[in-house]
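# Secondary and tertiary structure notes
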Amino acid sequence: MANSEDKGFGVGAALPRKEDKRLLRGKGMYVADVDIPGTLDVAFLRSAHAHGRLGGIEIPEGMEDRVYTAADLTRVNPVRVEPSVPGFKPADHHPLATDKVRFAGECIAACLGANRAEAEDLADALIADIEELPALHDPVAAREDPPALLHEEWGDNVYVQLDISGGDIDSVRDAPIVVTRDYRMNRQSIAPLEPRAVLAHWDARAEELVVYLSTQIPHLMRTGLSQMLNLPSHQLRIIAPDVGGGFGGKARLMPEEIVVCAIALDTGKPVRWLEDRREHLMAAPQAREHIYRVTAYADSDGIIQGIDAELTVNAGAYALWHSGPFMETGMAARNLTGPYHIENMRCRTWTVATNKPPLGVYRGVARPGACFAIERTIDAVARAVGRDPLDVRMANMVPAEQMPYEAVGGMKFDNGDYPESVRRAAEMVGYDDIRAQQGGTAVDGRVWGVGLSSYTEQTAHGAAEWTRRGSPIIPGYESATARINPDGTLVLLVGIHSHGQGMETTLAQVAHEELSIHPDAITVKFGDTAISPFGFGTFASRSMVMSGGAVSNACIVLREKLAAIAAHHLQCTTEQVRFADGEAQSDGGSIPIAELARIAHLRQDGLPDGVDPTLDATATYEPDESTGVFSYATHAAVVAVDPHSGAVELVDYAVVEDCGNVVNPMIVDGQIVGGVAQGIGTALYEESVYDTNGQPLSTTFADYLLPGATEIPDIKIGHMVTPATFTRFGLKGMGEGGAIAPPAAIGNALSDAFAAIGAEFNETPYTPRRVLDALERAPKA
Amino acid sequence: MSDETKTITLTVNGESVTKLVDARTHLVDFLRGELGLTGSHLGCEHGICGACSVRLDGDVVRGCLMLAIQADGASIETVEGLTASGEVADLQENFVERDALQCGFCTPGMLITAAELLREAAPKTREEIREFLSGNYCRCTGYHAIVDAVETTLTQRLEKSS
Ligand code: FES
Ligand code: FES
């Protein structure tokens, strides 16, 4: 690191965000803001039926030129996802339906218009002849007793069946305490506030297809589009400008995107599609829909000896490029024993196809479900042995002195004090005081409860972990170019994307740490495949560690070169040169980086022998160990429930987390609160409801409830810091964690509130209706 | 299909504008598409999310629920106008200070609504601030920082005026 005394801008500083200025003035540039004259809008004719055979498509006379069907997309390859997972069944996914439709909302035809309204008028005038087939909406029925097959060639509706186990579950069958529970985390939308968007046009001068795309993964999108369009990558440029939130929802290649590009190639005109919210709620990647049966075997103190589980994940109609849905299931199973020292585990899993939109990846990926299942089970075991869930939770946890610890699912926990996070989270919500007050309804006529939930979040995992998962793509590293201009300003070109994470700021902080250049003199550029080296993008809580490491490595290369030039002029050795305040300094004097940059570019007569001109370095970074570093946290929720209406109020919410060293504490807190809000959405409000015919019932924000400012309480945050031992600066990723624990913490709080009657809350979201149902079903109601 | 058009004249961010528009064009589409004022965003196009909020004759309205022709003769202010006039400079500053935005997509609508609250110049509890902002969705921040930024701005303004 630079010998900078000045920690005001480097790693650890709560630097205000560099990206805020444009966004606050309405000067952000999202795909829908890109103005290319002559752009044609696309509207899709979508299937009105969940499952059916597609016959003809009736196109109004004279409109044929403005309509594209599958037959017109002759140069497009279907998407076919083939992970290296034994038994995974692939299927062709045509971006416009060919012989069958498999969910309500699937694209059948694309219609062009001079604006969206005209394109939509045309889409409305099209008629698709669909012969209905029985629809599959419930994944358990779809695998056990299917009335129809989605992909006939499979012979069943199961993408893949996998058993994941460790230890010997049969060795604990005669444990004194056996607790079995069914859990269901229902399907939901991802719903970034900016819907999906794509604009493509052929640039005749550059001979390339320029694609403005609202995506988290521009380089991977180029790889995918290149395959699907049969267009070499040097003729594809992806620009992801400002992106209005992703959360995983913009990390998969979608049919609409392929179709728009194909039409732009075919017509030679600029073509765009702006998703509307209804389309988002019925055809964008969806998330969750995990169904568990969990049996825990424990001793009479509630120490769990084994977990035997079944997990069915509803992966929807198609496997999305690049990885398909299998990871959701495998990750849930492997995380099913949580932060606990449970030595025996077996989890039978089914990843099932139904007539619902494809499953994507959503903040937390798989772990909100796994956390929900194990954390509710911990509480159920505690009740069964008559102990407080807090005590049983801590007693089962991997203690600090046992670190590093390899959990039975294969997760290698690196370090941290998990039980301490429980203790502190409980303290922050006044756990003991609430306990003392319980035993009757509170003064306001509502019933109060407190619940805890803990998790680990594997982040910044490299090649070993992705290979083990069977991922077709191994995002084990990130890359960065650091370029010092002739005037000493610095440009960082990175392959990740930032759409709320504040990477324009935190990567500048990393570069400042290495070079002492002022953040105002640093620009971070991303989201354009033409300017940055190849990188995977932003997902899996990886960008700060991975891209931060790559920026650090590239800056170190530049620093060494700067030191060599400086030593030449300061007449000292390179080891005697240190960097601070934008200068190279030695005991004998100093020279500004700007002057070194001038020499390196404009006055190579000032370069020492053997030093090449320019200051431009590209580097990659992968953590020393690629099994991941584990952030962890405990959430504590306090609820007040009206037993007559089923209304739940979150009275208090606290998070105690440890993500190692932190680059920008203000941004970390923002990520935590934002994640928690999404987790509260999963817990209490958000559900993509389908009827038994597979018809979507939550297609507007009036039916699909996002939490607003009145639904989310102030979130208390407590920090613990256990630096990672094998990442640069001791960082751990943390972007997803906030969303993992709320469904479990709130479910535990509700179950706590009604522990006296034995009511349990095992299905999300806990709508007033479900709360009342749970109270009615309670054993001692 | 609609072939109906109408010429409208309105004031946008202090400047008079006369344009021929399709009768069915929504106000926010007009502002974005015809005038290039892309600070107002479309998050739902059915009146729930608040990303399209603009000020019409002093009141906050949903730009996606109004037609441009309904704004004939009106005075519109968008986030660009509020920025240029300096009306929300302190609020914007506090958004930065408190990290009250992430992806920034909700931010213009949030500022327009918060500006309305600030104009009332009356003390507000956090609950009342939350209530006031409840028609503006933010998917990123979890609102805590937004409420902080609005609360701080309000407190500063009340202190200054007292
Ligand atoms: S876009 Fe107008 S309220 Fe959502
Ligand atoms: S900052 Fe992204 S929606 Fe509010």
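This one's a predicted model, so the numbers in the text were calculated from it and none came from an experiment.

### Side note on the overall build of chain A
- Helix and strand counts for chain A stand at 18 helices and 29 strands.
- Against the compact-globule benchmark of 28 Å for 781 residues, chain A has a radius of gyration of 27 Å, which places it among compact chains.
- Expressed as lengths along the three principal axes of its C-alpha atoms, the size of chain A is roughly 85 × 75 × 50 Å.
- Expressed as a percentage of the 781 residues in chain A, the buried residues total 66%.
- Contacts in chain A between residues at least 24 apart in sequence constitute 80% of all its contacts with a sequence separation of at least 6.
- A total accessible area of about 25,400 Å² is found for chain A, and carbon and sulfur atoms account for 48% of it.
- Positive and negative side-chain charges of chain A, numbering 65 and 105 respectively, have mean locations separated by a distance of 0 Å.

### A few points about helix α7 (residues 326–334) of chain A
Residue and element names in this part refer to chain A.
- With 9 of 9 residues buried, α7 lies mostly within the body of the structure.
- Here α7 has its buried residues at Phe326, Met327, Glu328, Thr329, Gly330, Met331, Ala332, Ala333 and Arg334.
- On the buried face of α7, the contacting elements are β7 (158–166), β13 (286–298), β14 (304–314), β15 (344–352), α8 (367–385) and α12 (463–469).

### Side note on the domain arrangement of chain A
Residue and element names in this part refer to chain A.
- Parsing chain A into structural domains produces domain 1 (20–28 + 477–621), domain 2 (34–133 + 193–245 + 250–283) and domain 3 (286–464 + 625–777).
- Domain 1 and domain 2 are separated by 39 Å when their C-alpha centres are compared.
- Domain 1 puts 18 residues into the contact, and the matching count from domain 2 is 17 residues.
- Across the domain 1/domain 2 interface, buried area totals approximately 1,400 Å², and carbon plus sulfur atoms make up 55% of it.
- Contact with domain 2 buries area across many residues of domain 1, yet His497, His499 and Thr529 alone supply 41% of it, more than any other trio.
- Seen at the junction of domain 1 and domain 2, the total is 2 salt bridges.
- Put simply, Asp528 and Arg237 hold a salt bridge, and the shortest N to O gap is 2.7 Å.
- Here domain 1 is connected to domain 2 by 9 residue pairs in polar contact (both at pLDDT 80 or more).

### Focus on the domain arrangement of chain B
Residue and element names in this part refer to chain B.
- Looking at chain B, the domain boundaries give domain 1 (5–82) and domain 2 (86–161).
- Here the C-alpha centre of domain 2 lies 22 Å away from the C-alpha centre of domain 1.
- If you look at the interface, domain 1 gives 19 residues, while domain 2 gives 16 residues.
- Carbon and sulfur atoms make up 56% of the surface buried where domain 1 meets domain 2, a total of about 1,400 Å² over both sides.
- In this assembly, domain 1 and domain 2 are joined by 1 salt bridge.
- Across the pair Arg55 and Glu87 runs a salt bridge, and its minimum N-O distance is 2.8 Å.
- Here domain 1 and domain 2 share 8 residue pairs in polar contact (both at pLDDT 80 or more) between them.
- When contributions to the side of domain 1 that touches domain 2 are tallied by element, the ones reaching two or more residues are β3 (53–56), β4 (59–62) and α2 (79–85).

### Points about the interface of chain B and chain A
- Counting residues at the interface gives 45 residues for chain B and 55 residues for chain A.
- The three residues of chain B that bury the most area against chain A are B:Gln102, B:Tyr137 and B:Arg139, which together make up 21% of that side's buried surface.
- If you look at where chain B meets chain A, you find 7 salt bridges.
- Here B:Arg139 makes a salt bridge to A:Glu686, at a shortest N to O gap of 2.7 Å.
- Of all the elements in the fold, those that place two or more residues in the side of chain B that touches chain A are α2, α3 (89–98), α4 (107–120) and α5 (126–132) of chain B.
- Per-element accounting of the side of chain B that touches chain A gives the leading share, 5 residues, to α3(B).
- Here the side of chain B that touches chain A is composed, by residue class, of 19 nonpolar, 14 polar and 12 charged.

### Looking at the sheet that holds strand β28 (residues 716–720) of chain A
Residue and element names in this part refer to chain A.
- In space, the 4 strands of this open sheet follow the order β18-β26-β27-β28, with mixed pairing throughout. Where the open sheet ends on each side, the last strands, each with one partner, are β18 (447–459) and β28. For this sheet, the mean inter-axis angle between neighbouring strands, taken without regard to orientation, is 15°.
- One ladder, built from 5 bridges, connects strand β27 (residues 648–658) with β28; its direction is parallel. Of the residues in β28, the one forming a bridge with Glu657 is His719.

### Quick look at the packing of aromatic side chains
- According to the stated counting rule, one finds 16 aromatic pairs over all chains in the structure shown.
- Aromatic pair A:Tyr30 and B:Phe105: ring centres 5.0 Å apart, planes at 85°, arrangement edge-to-face. In this pair, A:Tyr30 sits in the loop between α1 (20–24) and β1 (40–46) while B:Phe105 sits in the loop between α3 and α4, so the two residues belong to two different chains.
- Since its relative accessible area comes to 5%, B:Phe105 is described here as buried.
- Judged by centre distance (5.0 Å) and plane angle (75°), the rings of A:Tyr477 and A:Phe536 are edge-to-face. Here A:Tyr477, found in the loop between α12 and β19 (478–484), pairs with A:Phe536, found in the loop between β21 (522–525) and α14 (543–570); they are 59 residues apart in sequence, far enough to count as distant.
- For A:Phe536, a relative accessible area of 5% corresponds to the buried category.
- Three or more aromatic residues joined by ring pairs form one cluster here, namely A:Tyr405, A:Phe413, A:Tyr418, A:Phe630 and A:Tyr632.
- The ring of A:Phe539 has A:Arg542 lying over it, and the distance from NZ or CZ to the ring centre is 5.0 Å.

### Some details on the sheet that holds strand β2 (residues 52–58) of chain A
Residues and elements named next belong to chain A.
- Pairing is antiparallel in the open sheet, where 3 strands are placed in the order β4-β2-β6. Where the open sheet ends on each side, the last strands, each with one partner, are β4 (100–101) and β6 (127–132).
- Bridge count between β2 and β4: 2 bridges; the pairing is antiparallel. Of the residues in β4, the one forming a bridge with Gly52 is Val101.

### Some thoughts on the environment of A:Pro86
Residues and elements named next belong to chain A.
- Mapped onto the elements, Pro86 comes out in the loop between β3 (67–69) and β4.
- Residues Pro86 and Gln161, spaced 75 residues apart in sequence, show a C-alpha to C-alpha distance of 9.1 Å.
- Among residues more than four places away in sequence, those in contact with Pro86 are Val160 and Leu162.

### A short note on the packing of helix α16 (residues 665–685) of chain A against helix α17 (residues 742–753) of chain A
Residues and elements named next belong to chain A.
- Following both chains from N to C, one finds α16 and α17 inclined at 55°, their axes separated by 8 Å at the closest point. Judged by the inter-axis angle, α16 sits oblique to α17. Crossing angle aside, the handedness with which α16 passes α17 is right-handed. Across the interface between the two elements, Val676, Gly679, Ile680, Thr682, Ala683 and Leu684 of α16 pack against Pro742, Pro743 and Ile746 of α17.
- Considered class by class, the residues forming the contact of α16 with α17 number 7 nonpolar, 2 polar and no charged.

### Some remarks on the environment of A:His322
Residues and elements named next belong to chain A.
- Relative to the helices and strands, His322 is located in the loop between β14 and α7.
- For the pair formed by His322 and Pro404, sequence separation is 82 residues and the distance between their alpha carbons is 32 Å.
- Not counting residues within four places of it along the chain, the set of residues in contact with His322 comprises Val81, Leu220, Arg252, Pro472 and Ile473.

### Comments concerning the nonpolar core
- Residues A:Leu209, A:Leu229, A:Ile307, A:Ile746 and B:Phe95 are the most contacted members of the largest nonpolar core, which totals 213 residues.
- It is α8(A) that contributes the most residues to this core, 10 residues altogether.
- Residue contacts for A:Ile746: discarding those within four places in its chain leaves A:Ala637, A:Val639, A:Leu650, A:Tyr653, A:Ile680, A:Ala683, A:Leu684 and A:Tyr766.
- Residues A:Ala460, A:Ile484, A:Ile517 and A:Cys572 belong to the second largest nonpolar core, which totals 54 residues.

### A word on the pairing of β3(B)
Residues and elements named next belong to chain B.
- By the alternation rule, side chains of β3 split into Ser53 and Arg55 and Val54 and Leu56, which are all buried.
- As defined by bridge partners, β3 adjoins β4 across 4 bridges and the pair is classed as antiparallel. Bridge assignment links Ser53 to a residue of β4, and that residue is Arg62.
- Joining the antiparallel neighbours β3 and β4 is a turn of 2 residues, in which Asp57 adopts a positive phi near 45°.
- Note: β3 against strand β5 (residues 75–77), 2 bridges, orientation antiparallel. Bridging from a neighbouring strand, Arg55 pairs with Glu77 of β5.

### Structural notes on helix α2 (residues 116–125) of chain A
- Taken together, the buried positions of α2(A) are occupied by A:Arg116, A:Ala119, A:Asp121, A:Leu122 and A:Ala123.
- Buried-residue contacts for α2(A) involve β1, β3, β5 (107–113) and β12 (271–274) of chain A.

### Here we look at the side chain of A:Asn344
All names here are of chain A.
- Looking at where Asn344 falls in the secondary structure, it is placed in strand β15.
- Its relative accessible area of 11% is what places Asn344 among the buried residues.
- Of the polar contacts made by the side chain of Asn344, one reaches the backbone oxygen of Gln305; its length is 3.0 Å.

What counts and how
- Residues numbered from 1 in each chain as written.
- Chains lettered and ligands numbered in written order.
- Predicted model: local features only at pLDDT ≥ 70, side-chain atom pairs only at ≥ 80, totals over all residues.
- Heavy atoms only, no water.
- Helix = DSSP H or I, 4+ residues; strand = E, 2+ residues; numbered from the N terminus.
- Rg over C-alpha atoms; globule rule 2.2 N^0.38 Å.
- Buried < 20%, exposed > 50% of the residue type's maximum accessible area, 1.4 Å probe, protein only.
- Contact = heavy atoms within 4.5 Å.
- Areas by Shrake-Rupley, 256 points an atom, 1.4 Å probe, with all protein chains shown as cover.
- Lys, Arg positive; Asp, Glu negative; His and termini not counted.
- Charge placed at Lys NZ, Arg CZ, Asp CG, Glu CD.
- Domains from an automatic or database assignment.
- Buried area = accessible area lost by both parts, 1.4 Å probe.
- Salt bridge = Lys/Arg side-chain N within 4 Å of Asp/Glu carboxyl O.
- Polar contact = N/O pair within 3.5 Å; in protein donor to acceptor, adjacent residues only side chain to side chain.
- Nonpolar A, V, L, I, M, F, W, Y, C, P; charged D, E, K, R; others polar.
- Pairing = 2+ DSSP bridges.
- Axes fitted to C-alpha atoms, helices over the stretch in contact; angles between N-to-C directions.
- Phe/Tyr/Trp six-rings, centres within 6.5 Å; stacked < 30°, edge-to-face > 60°.
- Lys NZ or Arg CZ within 6 Å of the ring centre and 35° of its normal.
- Parallel < 35°, antiparallel > 145°, perpendicular 65-115°, else oblique.
- Left-handed = near helix turned anticlockwise from the far one by under 90°.
- Core = buried A, V, L, I, M, F, W, Y, C linked by side-chain atoms within 4.5 Å.

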